[in-house]
Amino acid sequence: MTVSALALVLHVLSAVVWLGGMIFAHQMLRPVAVEVLEPPQRLTLWAGVFSRFFPWVWAAVVLLLATGNWMIFEVYGGFATTPIYIHIMYALGLVMMAVFFHVYFAPFKRLKAHVEAEAWPEGGAQINQIRRLVGINILLGVATVVVAAGGRLLA
């Protein structure tokens, strides 16, 4: 396998882990948790789920940046010669990363503190903020996949 092929595989796998994890949590796990768990158990569940998922997102972010930049400079010769759809994908990815950084360092940090303090209403407010931001990132992620998969054909 060439270095370019390996970079592309790692890039795609990182995107799949991040986007797939968000879709699973937001569209499958969240509705069931709301139906079957009381707030203390639900918020404790979410603090635990995010504590396990977010290291994977950090790894995905690092790999997406490393492999994306490597391909831009080694495959395309730099940003000046990179097709527009790659620029769009790159920009969408940076916005997604900024949303993730906010989630991680603000509402997730507060969620963990509220769960530890058993401050359930305050924890609920944090989980609602996370839910909205993850929803935004899902939309951005789907748009990024559309651009990545069809960019050459859409341009």
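Each remark here, short or long, concerns the structure printed above.
Residues numbered from 1 in each chain as written. Predicted model: local features only at pLDDT ≥ 70, side-chain atom pairs only at ≥ 80, totals over all residues. Heavy atoms only, no water.

Peer 1: Pulling in residues and values, what's your account of the overall build of the protein?
Peer 2: From N to C terminus, the protein includes five helices and zero strands. The order of α-helices and β-strands along the protein, N terminus first, is α-α-α-α-α. Taken along its principal axes, the extent of the C-alpha atoms in the protein is 55 × 25 × 25 Å. A separation threshold of at least 6 residues defines the contact pool for the protein, and within that pool the share at least 24 residues apart is 74%. (Helix = DSSP H or I, 4+ residues; strand = E, 2+ residues; numbered from the N terminus. Contact = heavy atoms within 4.5 Å.)

Peer 1: Describe the side chain of T82, with residues and values.
Peer 2: Its location among the elements puts T82 in the loop between α2 (39-74) and α3 (84-105). At 2.5 Å, the side chain of T82 and the backbone oxygen of G78 are in polar contact. When neighbours within four sequence positions are excluded, T82 is seen to be in contact with I72, Y76 and H87. (Polar contact = N/O pair within 3.5 Å; in protein donor to acceptor, adjacent residues only side chain to side chain.)

Peer 1: Could you give me a rundown of a nonpolar patch on the surface, with the residues and numbers involved?
Peer 2: A surface patch of nonpolar side chains, amounting to about 540 Å² of accessible area, comprises M1, L6, V9, L10, L13 and L63. Per-element accounting of the nonpolar patch gives the leading share, four residues, to helix α1 (residues 3-36). Along the polypeptide, L6 turns up in helix α1. (Patch = residues over 30% accessible without salt bridge, like charges linked within 9 Å, V, L, I, M, F, W, Y side chains within 5 Å. Areas by Shrake-Rupley, 256 points an atom, 1.4 Å probe, with all protein chains shown as cover. Salt bridge = Lys/Arg side-chain N within 4 Å of Asp/Glu carboxyl O.)

Peer 1: Go over the side chain of T67, please, and point to the residues and values.
Peer 2: Examined against the element boundaries, T67 turns out to sit in helix α2. Separated by 2.6 Å, the side chain of T67 and the backbone oxygen of L63 make a polar contact.

Peer 1: Describe the nonpolar core, and please don't skip the residues or the numbers.
Peer 2: The biggest cluster of nonpolar side chains holds 36 residues, and the ones touching the most others in it are W18, M22, W46, F50, F54, L111 and I130. At the level of elements, α1, α2, α3, α4 (107-116) and α5 (120-154) are the ones that each hand at least two residues to this core. Top contributing element to this core by residue count: α2, with eleven residues. Excluding its chain neighbours within four sequence positions, the residues that come into contact with F54 are F100, V103, Y104 and F108. (Core = buried A, V, L, I, M, F, W, Y, C linked by side-chain atoms within 4.5 Å. Buried < 20%, exposed > 50% of the residue type's maximum accessible area, 1.4 Å probe, protein only.)

Peer 1: Can you tell me about the packing of α3 against α4, naming the residues and giving the values?
Peer 2: At a minimum axis separation of 3 Å, α3 and α4 run at an interaxial angle of 20°. Put simply, α3 runs roughly parallel to α4. Residue-level inspection shows H102, V103, Y104 and F105 of α3 in contact with α4, the latter providing P107, F108 and K109. Across the contact of α3 with α4, the residue classes break down as five nonpolar, one polar and one charged. (Axes fitted to C-alpha atoms, helices over the stretch in contact; angles between N-to-C directions. Parallel < 35°, antiparallel > 145°, perpendicular 65-115°, else oblique. Nonpolar A, V, L, I, M, F, W, Y, C, P; charged D, E, K, R; others polar.)

Peer 1: A description of the packing of aromatic side chains should follow, citing residues and the corresponding values.
Peer 2: All chains considered together, the criterion is met by 18 aromatic pairs. Ring geometry for F54 versus F100: centroids 5.3 Å apart, planes at 75°, classification edge-to-face. Remark: F100 occurs in helix α3 and F54 occurs in helix α2; sequence separation between them is 46 residues. By the burial criterion, F54 is buried, and F100 matches it. Centroid distance Y104 to F108: 5.7 Å. Interplanar angle 40°. Geometry classified as tilted. Under the relative-accessibility criterion, Y104 is labelled partly exposed at 25%. Exposure remark for F108: the relative accessible area of 2% places this residue in the buried category. These aromatic residues form a ring-pair network of at least three members: W18, W46, F50, F53, F54, W58, F100, F101, Y104, F105 and F108. (Phe/Tyr/Trp six-rings, centres within 6.5 Å; stacked < 30°, edge-to-face > 60°.)

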